[in-house]
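In case you want the letters, here they are:
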Amino acid sequence: GAGVSQSPSNKVTEKGKDVELRCDPISGHTALYWYRQSLGQGLEFLIYFQGNSAPDKSGLPSDRFSAERTGGSVSTLTIQRTQQEDSAVYLCASSSLGGHQGYTFGSGTRLTVV
Amino acid sequence: SQQGEEDPQALSIQEGENATMNCSYKTSINNLQWYRQNSGRGLVHLILIRSNEREKHSGRLRVTLDTSKKSSSLLITASRAADTASYFCATLNNAGNMLTFGGGTRLMVKP
């Protein structure tokens, strides 16, 4: 597509439920990144996929968080047993040359855990 | 932890004035980038400066980089109300595979 697409744009879930967030990167972009942004804060790195290499999961805050990228394209970030502190905007970005030409971000998913 | 730290955290100016935002970082970098964010949603890439460059211009944007001081500045000239947004610096590591973002500067331009 023309840009990075994320869905849903907003998600309200009850504490303890699982959620899945989807990211559809720009076609041909080999690198895909997930970041989390709490209200009024900077971006916190979560996970990074590059081509067929094993993902860099070093930013995932707990084992409740996981992500996969199927066929080198669409990615899904899953949060199990959600907690209130998981409330944030989850941003996905893709790039064709790592960070050498900048990232293209999606509009994010605003997750609210009640 | 954040690699880049922006200063000031918030800035309020009148339309037509210049806005200057600063960014400091800790480790060696491949390049430094500035992004803009409206309303807490997606970020838009503004400008990139490589570690061997000292200054770069794009329209009303001017970016400087001082690798000896590990700092960068973003200057927006002749600001407009539409420039109101949060601005983030981000540094690319030497491996070229990870951008680390600072906490951002919230800019308000009053008409």
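Here the structure is a predicted model, which is why all the values come from computation and not from measurement. (Residues numbered from 1 in each chain as written. Chains lettered and ligands numbered in written order. Predicted model: local features only at pLDDT ≥ 70, side-chain atom pairs only at ≥ 80, totals over all residues. Heavy atoms only, no water.)

### Focus on the confidence of the model for chain B
Right, on to step 1. Model confidence for chain B is summarised by a mean pLDDT of 92, while 95% of its residues fall at 70 or above.
Right, on to step 2. Taking the mean pLDDT of every element in chain B, the minimum, 85, falls on strand β1 (residues 5-7) of chain B and the maximum, 98, on strand β7 (residues 61-66) of chain B. (pLDDT = per-residue confidence, 0-100. Helix = DSSP H or I, 4+ residues; strand = E, 2+ residues; numbered from the N terminus.)

### A look at the packing of aromatic side chains
Right, on to step 1. Summed over all chains, the structure comprises nine aromatic pairs over all chains.
Right, on to step 2. Geometrically, the ring pair formed by A:Phe105 and B:Tyr35 is edge-to-face, given 5.8 Å between the ring centres and 85 degrees between the ring planes. Pair noted here: A:Phe105 is in strand β9 (residues 104-105) and B:Tyr35 is in strand β4 (residues 31-37), and the two residues belong to different chains. Neither A:Phe105 nor B:Tyr35 differs from the other in exposure class; each is buried. (Phe/Tyr/Trp six-rings, centres within 6.5 Å; stacked < 30°, edge-to-face > 60°. Buried < 20%, exposed > 50% of the residue type's maximum accessible area, 1.4 Å probe, protein only.)

### Here we look at the interface of chain A and chain B
Right, on to step 1. Between chain A and chain B, the residue contacts involve 24 residues of the former and 23 residues of the latter.
Right, on to step 2. Buried surface at the junction of chain A and chain B, summed over both partners, amounts to about 1,700 Å²; 50% is from carbon and sulfur atoms.
Right, on to step 3. Its largest share of buried area at the contact with chain B, chain A owes to A:Leu43, A:His100 and A:Tyr103, together 30% of the area lost on that side.
Right, on to step 4. Here chain A and chain B share zero salt bridges between them.
Right, on to step 5. At the junction of chain A and chain B, the tally comes to four residue pairs in polar contact (both at pLDDT 80 or more). (Contact = heavy atoms within 4.5 Å. Buried area = accessible area lost by both parts, 1.4 Å probe. Salt bridge = Lys/Arg side-chain N within 4 Å of Asp/Glu carboxyl O. Polar contact = N/O pair within 3.5 Å; in protein donor to acceptor, adjacent residues only side chain to side chain.)

### Things to note about the state of the cysteines
Right, on to step 1. Under the criterion given, the structure shown has two disulfides over all chains.
Right, on to step 2. With its sulfur 1.9 Å from that of its partner, A:Cys23 forms a disulfide with A:Cys92. Because the torsion about its S-S bond is -65 degrees, the bridge between A:Cys23 and A:Cys92 counts as left-handed. Taken together, the positions of A:Cys23 in strand β3 (residues 19-24) and A:Cys92 in strand β8 (residues 88-95) put the pair 69 residues apart, joining distant regions of the chain.
Right, on to step 3. Since its relative accessible area comes to 0%, A:Cys23 is described here as buried.
Right, on to step 4. In this model, B:Cys23 is linked to B:Cys89 through a disulfide, with the two sulfur atoms separated by 2.0 Å. Between B:Cys23 and B:Cys89, the disulfide has an S-S torsion of 65 degrees and is therefore right-handed. You can see B:Cys23 sitting in strand β3 (residues 19-24) and its partner B:Cys89 sitting in strand β9 (residues 85-92), a full 66 residues away along the chain. Across the pair, B:Cys89 and B:Cys23 agree in class, each one buried. (Disulfide = S-S within 2.5 Å.)

### A word on the sheet that holds strand β7 (residues 75-79) of chain A
Residue and element names in this part refer to chain A.
Right, on to step 1. On the basis of which strands lie adjacent, the open sheet formed by four strands has the order β1-β3-β7-β6 and antiparallel pairing. Whereas interior strands pair on both sides, the edge strands pair on one side only; in this sheet they are β1 (5-7) and β6 (65-69). For this sheet, the mean inter-axis angle between neighbouring strands, taken without regard to orientation, is 15 degrees.
Right, on to step 2. Two elements, β6 and β7, share five bridges in a ladder whose sense is antiparallel. By the bridge assignment, alanine 67 is partnered in β7 with leucine 77. (Pairing = 2+ DSSP bridges. Axes fitted to C-alpha atoms, helices over the stretch in contact; angles between N-to-C directions.)

### Considerations on unusual backbone geometry
Right, on to step 1. The residue after A:Ser7, namely A:Pro8, is reached through a cis peptide bond having omega -10 degrees.
Right, on to step 2. With respect to the helices and strands, A:Pro8 occurs in the loop between β1 and β2 (10-13).
Right, on to step 3. The step from B:Asp7 to B:Pro8 runs through a cis peptide bond, and the omega angle for that step is 0 degrees.
Right, on to step 4. Phi at A:Arg81 is positive, roughly 50 degrees, even though this residue is not glycine.
Right, on to step 5. Position of A:Arg81 among the secondary structure elements: in the loop between β7 and β8.
Right, on to step 6. Note on A:Arg81: relative accessible area 43%, which makes it partly exposed.
Right, on to step 7. A positive phi angle is found at B:Ala78, which is not glycine, with a value near 45 degrees.

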